[in-house]
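Topology and contacts: notes
Letter by letter, the chains look like this.
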Amino acid sequence: MHSESQIPIASQVASKRFATRVALFYGTLFGMTGTHLPFFTVWLKAVGIDPFWIGLITAVPPVTRFTVLPLVTGFAERHQALRGGIIVTAFATALGFFILGTQHLPVLVFLIYALICCLWTPMVPLTDAYALRGVKRYGLNYGPLRLWGSAAFVLGALVCGVLLDLIAARNLIWIIAGSAAIGALASLALQPLDDTRTARPGTGSASALLRDGGFIAVIVASALIQGSHAAYYIFASIAWQQAGYDGLTIAALWVLGVIAEIVLFALSPRFTLKPSMLVVIAALSAAARWAITAQDPPLAVLAIVQLAHALSFGLTQVGIMGLMLHHVPGHVMARAQGYLTACGGIVAGLASIASGTIYQTWGQGIYYVMAVMAATGGLVIWLARNRLSHQPHKTASGG
């Protein structure tokens, strides 16, 4: 008699426990990114690494996304070990950053960072896959879980920005490493969730996506628009520091963009335009953002421009995910996401390498190149809009 009434309660408790632990891990994962993304290049410069090597080193993460990342995520998925994969990669990442902090020679920094990235970059897709499996099992919503990651990014950037004014820039690496260590400990709280009995054996149907012009347009456009952020991610903090802004101001500029991104994600369910049009708007917004940034605007204008991150990054993400849901069969979505990540990694890697060379010669002029990239991505989606609107994948039902 009582067991039936206890089942919903037990389910609610398990659901809340899962949601809390995933939200916590998302927070530590992106909190670490909040310390790394704005300030890792500042540390590289502080230990005497020149712009060419900075561009080369920061090109490593996107390169691993289309080389090592699919192998790691595929291995974890085949062995139904998403949680184990998250834990291993989290601890390896933390250890790697502590080792990296002891090195200052460009070649050694490059090699160690490359090894770190081989296990660090798969953490987000592994975590997303783990979270989505729990979302389906417990009937949760993905947005409220992922939102904690963006919020923690803001906190991590602010904390690191404050510390930049209190400690030498060459010590920033220890903040990044410490954040990674907190994330590794948080990964241990993730509960076992893999279920080999429900695993779907791999099929060859995913290869058909690469012969689908609409899908190719989606991943190429995403790669170009998101890849246009390369110079911003690499050199924005360095340029702002050279312009005389203190660490807290630099962190605040990054935070403005992320807060705008969070607001857009929260409002995205109300959008009524087709996903393809959202991507076109995002691409044009990105092109305008980079063209203005190239002018080296004053702080007041720069702060307003930073709010455009909601469009250049957030709206692109919303639109691309909408196109993926519309155009890709459910049973090959994971591999489709892999192709999306791989294409983005190739473009971002090339853009990062080019940015190092171009920035050394043209300085802020690099943003004109980024503007052209973003506009080209918008053009790709615009030309493919009819195919994407009227020709969804015939097997979209996943049958």
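Just so it is clear, the structure is predicted and the values come from calculations on it, not from any experiment. (Residues numbered from 1 in each chain as written. Predicted model: local features only at pLDDT ≥ 70, side-chain atom pairs only at ≥ 80, totals over all residues. Heavy atoms only, no water.)

Across its full length, the protein chain holds 17 helices and 0 strands. For the protein chain, buried positions account for 51% of its 399 residues. Residue pairs in contact within the protein chain that sit at least 24 positions apart in sequence constitute 87% of those at least 6 positions apart. Here the protein chain displays about 17800 Å² of accessible surface, and carbon together with sulfur accounts for 69% of that area. (Helix = DSSP H or I, 4+ residues; strand = E, 2+ residues; numbered from the N terminus. Buried < 20%, exposed > 50% of the residue type's maximum accessible area, 1.4 Å probe, protein only. Contact = heavy atoms within 4.5 Å. Areas by Shrake-Rupley, 256 points an atom, 1.4 Å probe, with all protein chains shown as cover.)

The N-to-C vectors of helix α2 (residues 51-58) and helix α11 (residues 230-242) enclose an angle of 140 degrees; their axes lie 10 Å apart at closest approach. Contacts between α2 and α11 pair Pro51, Ile54 and Thr58 from the former with Ile234, Phe235 and Ile238 from the latter. Of the residues belonging to the contact of α2 with α11, the class tally is 5 nonpolar, 1 polar and no charged. (Axes fitted to C-alpha atoms, helices over the stretch in contact; angles between N-to-C directions. Nonpolar A, V, L, I, M, F, W, Y, C, P; charged D, E, K, R; others polar.)

The next thing to look at is the confidence of the model for the protein chain. This prediction gives the protein chain a mean pLDDT of 84; 88% of its residues lie at or above 70. Within the protein chain, the lowest mean pLDDT, 77, falls on helix α4 (residues 69-78), and the highest, 96, falls on helix α9 (residues 172-187). Contacts of residues 1-7 to residues separated by more than four positions or lying in other chains number 0 contacts, the stretch itself having pLDDT below 50. Confidence drops under a pLDDT of 50 for residues 195-204, and excluding neighbours within four residues, the segment shows 10 contacts in the predicted structure. (pLDDT = per-residue confidence, 0-100.)

Between its first and last C-alpha, helix α5 (residues 82-100) extends 26 Å over 19 residues, near the 27 Å set by a 1.5 Å rise per residue. Where α5 is concerned, the buried positions are Leu82, Gly85, Ile86, Ile87, Thr89, Ala90, Thr93, Ala94, Gly96, Phe97 and Leu100. (Expected span 1.5 Å × (residues − 1).)

This part covers the nonpolar core. In this structure, Phe40, Trp43, Phe97, Leu100, Tyr113, Trp240 and Tyr367 are the most contacted members of the largest nonpolar core, which totals 107 residues. In terms of residue count, helix α1 (residues 2-46) provides more of this core than any other element does, 13 residues in total. When neighbours within four sequence positions are excluded, leucine 100 is seen to be in contact with Phe40, Trp43, Val109, Ile112, Tyr113, Ile116 and Ile173. Core analysis: the second largest hydrophobic core is formed by 6 residues, Ala260, Leu264, Ala282 and Leu315 among them. (Core = buried A, V, L, I, M, F, W, Y, C linked by side-chain atoms within 4.5 Å.)

Leaving glycine out, the prevailing phi sign among residues is negative, and the prevailing peptide bond configuration is trans. Positive phi outside glycine occurs at aspartate 296, with the angle close to 55 degrees. By the element assignment, aspartate 296 lies in the loop between α13 (275-293) and α14 (299-306).

The next thing to look at is the packing of α5 against helix α6 (residues 106-120). Interhelical geometry of α5 versus α6 gives an angle of 165 degrees and a closest axis separation of 8 Å. One element, α5, and the other, α6, form an angle in the roughly antiparallel class. Along this stretch, α5 crosses α6, giving a crossing that reads as left-handed. Residues Thr89, Ala92, Thr93, Gly96, Phe97, Ile99 and Leu100 of α5 lie in contact with α6, whose contacting residues are Val109, Ile112, Tyr113, Ile116, Leu119 and Trp120. Here the residues of the contact of α5 with α6 sort into 10 nonpolar, 3 polar and no charged. (Parallel < 35°, antiparallel > 145°, perpendicular 65-115°, else oblique. Left-handed = near helix turned anticlockwise from the far one by under 90°.)

With the rule as written, the count across this model stands at 0 disulfides. Looking at cysteine 117, it has no disulfide partner, and the nearest cysteine sulfur is the one in cysteine 118, 7.3 Å off. Look at cysteine 117 and you get buried, because its relative accessible area is 0%. Classification of cysteine 118 by relative accessible area gives partly exposed; the value is 22%. (Disulfide = S-S within 2.5 Å.)

This part covers the packing of aromatic side chains. This structure, assessed with the given rule, holds 19 aromatic pairs. Centre to centre, the rings of phenylalanine 52 and tryptophan 53 are 6.3 Å apart; their planes meet at 80 degrees, and the pair counts as edge-to-face. Residue phenylalanine 52 is classed as partly exposed on the basis of its relative accessible area, which comes to 40%. On the accessibility criterion, tryptophan 53 (22% relative accessible area) is partly exposed. With 6.3 Å between their ring centres and 70 degrees between their planes, tryptophan 53 and phenylalanine 110 make a pair best called edge-to-face. Highlighted residues: tryptophan 53 in helix α2 and phenylalanine 110 in helix α6, separated in sequence by 57 residues. (Phe/Tyr/Trp six-rings, centres within 6.5 Å; stacked < 30°, edge-to-face > 60°.)

Looking at the element boundaries, serine 352 is found in helix α16 (residues 333-362). Once you skip the residues sitting within four places of it in the chain, serine 352 turns out to touch Gly55, Thr58, Ala59, Pro62, Ala230 and Ile234.

Our focus in this paragraph is the side chain of serine 276. As for its position among the elements, serine 276 is in helix α13. With residues up to four places along the chain from it excluded, the contact list for serine 276 reads Leu323, Ile381, Arg385 and Ser389.

As a further point, take α6. Turn by turn, an α-helix covers 3.6 residues, leaving residues three or four places apart pointing in a common direction. Here α6 contains 15 residues, and its C-alpha end-to-end distance of 20 Å stays within 8% of the 21 Å for a straight helix at 1.5 Å per residue. Within the span of α6, buried status applies to Val109, Ile112, Tyr113, Ala114, Ile116, Cys117 and Trp120.

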